[in-house]
Amino acid sequence: MDLEEEAYNIIKRHKEGVFQNVIWKELDIDSRKCSRIIKKLLDKDLIIREVGVSNGARTYLLKAKEEVKEKYDLLLAGALFSACTGCTGDCQPEYCGRLSEWIGSLIQEAERSEETGEINADIGDEEEVEEEI
């Protein structure tokens, strides 16, 4: 692992942020080399740098940027994207053909996963409890 990765891992470990002087001490490098590494991480847009003071000395507080993962799973039925997403039509959901097709795809996907045994384990547990009663 190179020093850049190590520095980034240190920053990620400290959720509230870590002072830059802590990083160069942990990596056993001089402050100039640490500054170059931090500059590379900033250029890659992996971290945020704020001015701070540690033990009376001006330094920087470094924080890892949070990774934003888009979740579109709830809008997908197989390969079909939800018909209502971005829809500008003035329709009633009860009579929308595109929405009905999408819901049908959800049902087919659920049936396929039941056939292949990919059902949620919690559902099986609930059925066992009902049988015991």
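Going by the structure above, here's the rest.
## Observations regarding the pairing of strand β3 (residues 57-64)
Looking down a regular strand, the side chains alternate between one sheet face and the other.
Thinking step 1. Pairing analysis gives two bridges linking strand β1 (residues 18-19) to β3, with the strands arranged antiparallel. By the bridge assignment for β3, valine 18 is matched with leucine 62.
Thinking step 2. Summarising the sheet, strand β2 (residues 47-54) and β3 pair through eight bridges and their orientation is antiparallel. Bridge assignment links valine 53 to a residue of β3, and that residue is arginine 58.
Thinking step 3. In this structure, the hairpin formed by β2 and β3 is closed by a connection of two residues, where asparagine 55 is found at a positive phi of approximately 55°.

## Some words on the pattern of salt bridges
Thinking step 1. According to the stated counting rule, one finds five salt bridges in the structure shown.
Thinking step 2. Glutamate 26 is the partner of arginine 13 in a salt bridge, and the nearest nitrogen-oxygen pair spans 3.3 Å. Linking arginine 13 in helix α1 (residues 3-13) with glutamate 26 in helix α2 (residues 20-26), this pair joins segments that are 13 residues apart in sequence.
Thinking step 3. Overall, arginine 13 belongs to the exposed group, its relative accessible area being 54%.
Thinking step 4. Looking at glutamate 26, the relative accessible area reads 44%, which means it is partly exposed.
Thinking step 5. Between aspartate 45 and lysine 65 there is a salt bridge, with its nearest N and O atoms 2.3 Å apart.

## Some remarks on the nonpolar core
Thinking step 1. One finds Ile11, Ile23, Ile38, Leu41 and Ile47 to be the most contacted residues of the largest nonpolar core, which totals 14 residues.
Thinking step 2. Those residues in contact with isoleucine 38 that sit more than four places away from it in its chain are Ile11, Gln20, Ile23, Ile47, Arg49 and Leu62.

## With respect to helix α4 (residues 97-115)
Thinking step 1. Here α4 spans 27 Å end to end across 19 residues, near enough to the 27 Å set by a 1.5 Å rise per residue.
Thinking step 2. All of the buried residues in α4 are Leu99, Trp102 and Ser105. Angular distribution of buried residues about the axis of α4 spans 115°; they occupy a single face of the element. Turned more than 90 degrees away from the buried face of α4 sit Glu101, Glu114 and Glu115, all of them exposed.

Conventions and cut-offs
- Residues numbered from 1 in each chain as written.
- Predicted model: local features only at pLDDT ≥ 70, side-chain atom pairs only at ≥ 80, totals over all residues.
- Heavy atoms only, no water.
- Pairing = 2+ DSSP bridges.
- Helix = DSSP H or I, 4+ residues; strand = E, 2+ residues; numbered from the N terminus.
- Salt bridge = Lys/Arg side-chain N within 4 Å of Asp/Glu carboxyl O.
- Buried < 20%, exposed > 50% of the residue type's maximum accessible area, 1.4 Å probe, protein only.
- Core = buried A, V, L, I, M, F, W, Y, C linked by side-chain atoms within 4.5 Å.
- Contact = heavy atoms within 4.5 Å.
- Expected span 1.5 Å × (residues − 1).
- Arc of directions from axis to C-beta.

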